[in-house]
Number of protein chains: 2
Amino acid sequence: MKLPARIGNYTDFYSSYHHAHNVGTMLRGPENALMPNWKWLPVAYHGRASSVVVSGMDVRRPSGQTKAPDATAPTFGPSKSFDYELEMAFLIGPGNSLGEPVPIDCAADHIFGLVLMNDWSARDIQAWEYQPLGPFLAKNFATSISPWVVTLEALEPFRKPLPPQDPDPLPYLRGKNDFTFDIQLEAQLQTSSLHTPHVITRTNFQNLYWSISQQLAHHTVNGCNLEPADLLASGTISGATEESRGCMLELTWRGANPLKLPNGETRKWLEDGDRLTIIGWCQGDGYRIGFGEVTGSILPAS
Amino acid sequence: MKLPARIGNYTDFYSSYHHAHNVGTMLRGPENALMPNWKWLPVAYHGRASSVVVSGMDVRRPSGQTKAPDATAPTFGPSKSFDYELEMAFLIGPGNSLGEPVPIDCAADHIFGLVLMNDWSARDIQAWEYQPLGPFLAKNFATSISPWVVTLEALEPFRKPLPPQDPDPLPYLRGKNDFTFDIQLEAQLQTSSLHTPHVITRTNFQNLYWSISQQLAHHTVNGCNLEPADLLASGTISGATEESRGCMLELTWRGANPLKLPNGETRKWLEDGDRLTIIGWCQGDGYRIGFGEVTGSILPAS
């Protein structure tokens, strides 16, 4: 399998309410969990396009700077908190010229289709580096996507209206018939001692607060140009329940509650030799539309 | 003139101590001006490659969401605080494979040469959107670079040792003979009523704390792959003096002290019809090595 396209630009959104709320609660407490902008705009940042890789490629544990809260200086070494992020992403079709925003009701015309994505993350590197300009080396060592693109046309039977949003978005984010899709998603962990993969996340694409049309309209509203095969990702797709949390950071609450696996092993974070697989499908009446999988094993730091 | 290369990936560093200190002082006060990580690693984030444009292209004022501090909700409209950022950037030569860091003493072998850069910024959009994941629409509407690349070989006569750093960087950031260059830099503002451009910034490439070799070694230390013609930018190059501040945000201290122009006009921020030009040169004994210019006029919001 190969990458479905040469990814020119990669943007990662942060569009799951429960993911943003969980992470914000860990960092700032439940009162200040969400930043004031979160419900007004689909927060996003630019990721690294060159290190987007196809499913099946193994991923090497990154090394970098980290600093313990009580240490006076950082140290260098392999990341000790290696994580996955269960995401979906869409590829741009035609795109727009610089200076010409795409109105929200035309956004879907620019979306070719969707893939599964694992935005591998080194949480200890992220915690030390990310202020004030966002994640960088914590994520740009590898981002895996599934090789098959499922078009919007194929997803039509699984289209659902976007639930009402409160507060009402500004007009440029308000589509006439804005929509989401009923896509079931799972993350499975297989350690070297486990006989079969163990499901650790069960979630759904409908757990995203912001729609893909809103993401695209927001991205271009300042005139930013999207190009064919640009990749726009959802951010981690967590739901309201514990089993729907889409990364180890949330599942283990930053390592405080390790995952228990069926063979007695535990995990605070992913370990060398672990394989993480994300699958997704739409369940029709007597048929499924599958997204295949995005999978990768973790190689030890070099 | 055309872009000197097809830019695949664009990274923006934040490597001027005085710029980071000034911005941090405005946001958090002088005691907490620098984040704890700033002197340990060259802070950076991924920018937008598709909207890197060549000098001479006019730039449209972006529209977006902004929120006044005392407002309960954001509003949508043209940015009211349009800014330039005087930067330099380098283009990658060979680059590295995914998973293979470039040691600092080999970094220069991967740098093709340098250009001038203006990282246009909408400060009001930035203030509202940037937490927690960094700048996005505030900067990705356009980034201008000069068309001529000056190679490291041509800059050799102007090479200077990198001043000592305190604290000592970690070993992977410590080069044997790390260096900077004596490159003089100016930003000139021409309004539609001014007869000649007026110099508003006078600074020097040596005002960067982190070297280009340190930036490249840091970027790849986790295995991130750099590709030929990737663009790595310095961040705003401000010095210790008021006249060496490299953007309006610092020059006017967020609009509190408007710039006075020779014809009596004042500016808190850039206005429609203003032209901003950055030039750079190395002064030899009886000769100059010039970088040409990066220039652009501001078009009204559409």
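Q: Describe in detail the overall build of chain A, supporting the description with residues and values.
A: Scanning chain A from N- to C-terminus turns up five helices and 21 strands. Relative to the globule expectation of 19 Å for 302 residues, the C-alpha radius of gyration of chain A, 19 Å, shows essentially globular dimensions. Reported as C-alpha extents along the three principal axes, the dimensions of chain A are approximately 50 × 50 × 35 Å. Taken over 302 residues, chain A has a buried fraction of 63%. As displayed, chain A offers around 11500 Å² of accessible surface, 52% of which is attributable to carbon and sulfur atoms. Seen as two clouds, the 23 positive and the 31 negative side-chain charges of chain A have centres 5 Å apart.

Q: I'd love a proper account of the interface of chain B and chain A, names of residues and values included.
A: Quite often, the size of an interface is put as the accessible area lost when its parts meet. If you look at the interface, chain B gives 53 residues, while chain A gives 53 residues. As a salt-bridge pair, Arg48(A) and Asp230(B) come within 2.7 Å of each other at their nearest N and O atoms. Applying the counting rule to chain B against chain A returns 26 residue pairs in polar contact (both at pLDDT 80 or more). Counting residues per element, the ones that place at least two in the side of chain B that touches chain A are β2 (44–46), β5 (63–66), β6 (75–78), α2 (123–129) and α4 (212–220) of chain B. With three residues, the top contributor of residues to the side of chain B that touches chain A is β2(B). In terms of residue class, the side of chain B that touches chain A is made up of 30 nonpolar, 18 polar and five charged.

Q: Report on the pairing of strand β1 (residues 10–13) of chain B, specifying residues and quantitative values.
A: Residue and element names in this part refer to chain B. Residues Tyr 10 and Asp 12 point to one face of β1 and Thr 11 and Phe 13 to the other, with burial holding for every one of them. The pairing of β1 with strand β17 (residues 231–233) spans three bridges and is parallel. Across the sheet, the residue bridging to Tyr 10 is Leu 231, located in β17.

Q: I'd like a description of the sheet that holds strand β4 (residues 59–60) of chain B, backed by residues and values.
A: Residue and element names in this part refer to chain B. Judged by pairing direction, the sheet is mixed, and its five strands sit side by side in the order β4-β21-β20-β15-β16 without closing on themselves. Each of the sheet's edge strands pairs with one partner strand only, and the pair in question is β4 and β16 (198–204). In the sheet, strand β20 (residues 275–283) pairs with strand β21 (residues 288–299) via eight bridges, with the strands oriented antiparallel. Bridge pairing in β21 places Gln 283 opposite Arg 288.

Q: I'd like a description of α4(B), backed by residues and values.
A: Extensive coverage of α4(B) is indicated by the burial of nine of its nine residues. Of all the positions in α4(B), only Ile212(B), Ser213(B), Gln214(B), Gln215(B), Leu216(B), Ala217(B), His218(B), His219(B) and Thr220(B) are classed as buried.

Q: Describe the environment of Val149(A), naming the residues involved and giving the relevant values.
A: All names here are of chain A. By the element assignment, Val 149 lies in the loop between β11 (143–145) and β12 (150–151). With relative accessibility at 23%, the residue Val 149 sits in the partly exposed group. The contact partners of Val 149, leaving out residues within four places of it in the chain, are Pro 4, Leu 91, Phe 112, Gly 113, Leu 114 and Val 115.

Q: Before we move on, could you go through the environment of Thr151(A) and cite the residues and values that matter?
A: Looking at the secondary structure, you find Thr151(A) in strand β12. In contact with Thr151(A), other than residues within four places in its own chain, are Phe112(A) and Gly113(A).

Q: Can you tell me about unusual backbone geometry, naming the residues and giving the values?
A: All names here are of chain A. A cis amide bond links Gln 131 with the next residue in sequence, Pro 132, at an omega value of 5°. With respect to the secondary-structure elements, Pro 132 resides in the loop between α2 (123–129) and β11. Its identity as a non-glycine residue notwithstanding, Trp 253 has a phi of 50°, on the positive side. We classify Trp 253 as partly exposed; its relative accessible area is 28%.

Q: So what's going on with the sheet that holds strand β4 (residues 59–60) of chain A? Which residues, and what values?
A: Residues and elements named next belong to chain A. Here five strands make up an open sheet; going across it, the order is β4-β21-β20-β15-β16 and the pairing mixed. Each edge of the open sheet carries a strand with a single partner, namely β4 and β16 (198–204). Relative to strand β20 (residues 275–283), strand β15 (residues 184–190) runs antiparallel, the two sharing seven bridges. The residue bridging Leu 189 from the neighbouring strand is Leu 276, located in β20.

Q: Summarise the relation of the copies chain B and chain A; cite the residues concerned and give the values.
A: Overlaying chain B with chain A gives an RMSD of 0.0 Å, the required rotation being 180° about an axis along which the chain moves by 0.0 Å. One copy is carried onto the other by what is essentially a two-fold rotation axis. No C-alpha of chain B lies nearer the rotation axis than that of Gly134(B), which sits 2.3 Å from it. The residues that chain B uses at the interface reappear at the interface of chain A in 100% of cases, marking a shared surface.

Q: I'd love a proper account of the environment of Val59(A), names of residues and values included.
A: All names here are of chain A. Counting through the fold element by element, Val 59 comes out in strand β4. On the basis of relative accessibility, which here comes to 2%, the residue Val 59 falls in the buried class. With 236 residues separating them in the primary sequence, Val 59 and Thr 295 have C-alpha atoms 9.9 Å apart. Setting aside anything within four residues of it in sequence, one finds Val 59 in contact with Phe 82, Trp 120, Phe 141, Ala 142, Ser 144, Ser 297, Ile 298 and Leu 299.

Q: Tell me what's going on with the pattern of salt bridges, and back it up with residues and numbers.
A: Residues and elements named next belong to chain B. All chains considered together, the criterion is met by 28 salt bridges over all chains. Notably, a salt bridge pairs Asp 83 with Arg 123, separated by 2.8 Å at the nearest N-O pair. Of the two residues, Asp 83 sits in strand β7 (residues 82–83) while Arg 123 sits in helix α2, which places them 40 residues apart along the sequence. Pair check on accessibility: Asp 83 and Arg 123 agree, each one buried. Ionic pairing is found between Lys 139 and Asp 119, a salt bridge with its closest N-O pair at 3.3 Å. Of this pair, Lys 139 sits in the loop between α2 and β11 (143–145) while Asp 119 sits in the loop between β9 (111–118) and β10 (121–122), and the two are 20 residues apart along the sequence.

Thresholds applied
- Residues numbered from 1 in each chain as written.
- Chains lettered and ligands numbered in written order.
- Predicted model: local features only at pLDDT ≥ 70, side-chain atom pairs only at ≥ 80, totals over all residues.
- Heavy atoms only, no water.
- Helix = DSSP H or I, 4+ residues; strand = E, 2+ residues; numbered from the N terminus.
- Rg over C-alpha atoms; globule rule 2.2 N^0.38 Å.
- Buried < 20%, exposed > 50% of the residue type's maximum accessible area, 1.4 Å probe, protein only.
- Areas by Shrake-Rupley, 256 points an atom, 1.4 Å probe, with all protein chains shown as cover.
- Lys, Arg positive; Asp, Glu negative; His and termini not counted.
- Charge placed at Lys NZ, Arg CZ, Asp CG, Glu CD.
- Contact = heavy atoms within 4.5 Å.
- Salt bridge = Lys/Arg side-chain N within 4 Å of Asp/Glu carboxyl O.
- Polar contact = N/O pair within 3.5 Å; in protein donor to acceptor, adjacent residues only side chain to side chain.
- Nonpolar A, V, L, I, M, F, W, Y, C, P; charged D, E, K, R; others polar.
- Pairing = 2+ DSSP bridges.
- Least-squares fit on C-alpha atoms with pLDDT ≥ 70 in both.

Everything listed here is a matter of coordinates, which is why it stays silent on function.
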